Amino acid sequence: MNLKTKLFGKVYQFDSVKEVLAKANEEKSGDKLAGIAAENALERIAAKEVLSHLTVSDLRNNPVVPYEEDDVTRIIQDMVNEKIYDEIKNWSMAELREYILNTETTDRDLKRLSRGLTSEVIAGTAKLMGNLDLVYAANKLEIEATCNTTIGRKGSLAVRLQPNHTTDNIEGIEISVYEGLAYGMGDAVIGLNPVDDTVDNCSRVLRLFNDIKQKWEIPTQICVLAHVTTIMECIKKGVPTDLVFQSIAGSQKGNEAFGFTTAHLDEARHLALTQGEAFGENVMYFETGQGSELSSDAHHGADQVTMEARCYGYAKRFKPYIVNTVVGFIGPEYLYDSKQVIRAGLEDHFMGKLTGISMGCDVCHTNHMKADQNDLENLGMLLTAAGCNYFMGIPAGDDIMLNYQTISHHDNATLRELYKLKPIKEFADWMDKMGITENGKVTDRFGDASIFLEK
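Below or above, wherever it landed, is the structure these notes cover. Everything numeric in this text was worked out from a predicted model, so none of it was measured.

As for its position among the elements, Asp 133 is in helix α10 (residues 131-140). Contacts of Asp 133, omitting those with residues within four sequence positions, involve Arg 97, Leu 101 and Leu 128.

See the structure below:
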């Protein structure tokens, strides 16, 4: 295994596959903060050159966190289809990239291929791609998942309706839900981030969501994005629940910092399947974001793209309905500006889809980041072209509870129209029934929440 190359008369020598992966990464402020980034563009190019010649087996055999120390590594490694892996283990990373981008390589080919890849391999491939490569490759893949409805079907773009409220006021939440529904948002999930992460409060919100869903016969999913252990208690108390949420990391140490173990997620999925409301097998909702492992000192010296890819490899075990990269939420310490956020969003989406999971993105930035609404609109368009399964939907794109910027109900409606996409079919049919659309075209009732006063 050669970890050395020569550029412009200078020899670049790397000590490990982990170092190659880190220094081959596009510039990220989080990698600089961790002290593992390439010193300059030439060293980055040298690392990419070395990476391109490493084999699939080189990356599989050198996970960034040792198998013996980390259950995320064990889960990723143990899920590999050994027959498929044996067919490709001697491919160089350059050859793997070319296969993925080949015009003759199909969705079915990539889904089979993914079963033989570890997360380090998937991350390594992303590092050898430009932004257009990431869009093109991801667009080939259609990843479906079913909770109450099926997300990810060709021709659809779903939205999570996010009716967050600064005090979890039930009337305020209800008004926000109806506003979003009137704009055609909420087909992916009606999901709230609670201020008060208690069983009583989360139960209150879940019952509200369920009442709205039942009263108006809305074909969707509901979720409160509380800690997994809180929602497990809600389910045990008989509170109606479709999806169970948890933020996850790419290492066992990172997940422990989030306050859960793999056993918790196994139990939560079992509870949702046996005592929850959903009738599909995909009942988990995970959120991730580049840099989260570094923020909890759980990155093990690995770069944030590779750790993010490991989140997706871990998530795959639990057959999630949706996985959401909250791409610009952690802040400029990890993704400095809009250029880094856009790159990260495209990387995350591609890596998630190649892993084989239903992938969405919170196209967002914090208020102290060098980014603005135009940047979010650019990323929204790029990810829609890439076939992203869903986005967030928030009034005016401004979440006053979480205090960050994302894309709005109007943005999502425009993206659907621009790219000739529809909501999830059952939800689109419901919109027609409600008069929000007619034969898929918006009517003068679009955005008019007063229609929900009529029943």
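After that view, the rundown keeps rolling.
One open sheet holds the four strands; their spatial order is β8-β9-β10-β11, and the pairing between them is parallel. Of all the strands in the sheet, the pair left with one neighbour each is β8 (244-247) and β11 (359-362). Direction aside, neighbouring strands of the sheet carry axes that sit 25° apart on average. Relative to β11, strand β10 (residues 322-326) runs parallel, the two sharing four bridges. In the strand pairing of β11, Val 323 is matched with Met 359.

This paragraph deals with the pairing of strand β2 (residues 10-13). One ladder, built from four bridges, connects strand β1 (residues 4-7) with β2; its direction is antiparallel. If you follow Thr 5 over to β2, its bridge partner there is Tyr 12. The hairpin formed by β1 and β2 contains two residues between the paired strands, and Phe 8 there has a positive phi angle of roughly 50°.

If you check helix α11 (residues 170-182), its first and last C-alpha atoms are 19 Å apart, about what 13 residues at 1.5 Å a residue would give, namely 18 Å. Within α11, the full set of buried residues consists of Ile 170, Gly 172, Ile 173, Ser 176, Val 177, Tyr 178, Gly 180, Leu 181 and Ala 182. Taken together, the buried residues of α11 touch β5 (158-161), β6 (189-192), α12 (199-215), α20 (409-418) and α21 (425-434). You can read the cap of α11 off the contacts: a side-chain oxygen lies 3.1 Å from the backbone nitrogen of Glu 171, and it is on Asn 169. Once α11 ends, the next one or two residues include Gly 184, with phi positive near 85°.

Parameters at a glance
- Residues numbered from 1 in each chain as written.
- Predicted model: local features only at pLDDT ≥ 70, side-chain atom pairs only at ≥ 80, totals over all residues.
- Heavy atoms only, no water.
- Helix = DSSP H or I, 4+ residues; strand = E, 2+ residues; numbered from the N terminus.
- Contact = heavy atoms within 4.5 Å.
- Pairing = 2+ DSSP bridges.
- Axes fitted to C-alpha atoms, helices over the stretch in contact; angles between N-to-C directions.
- Expected span 1.5 Å × (residues − 1).
- Buried < 20%, exposed > 50% of the residue type's maximum accessible area, 1.4 Å probe, protein only.
- Polar contact = N/O pair within 3.5 Å; in protein donor to acceptor, adjacent residues only side chain to side chain.

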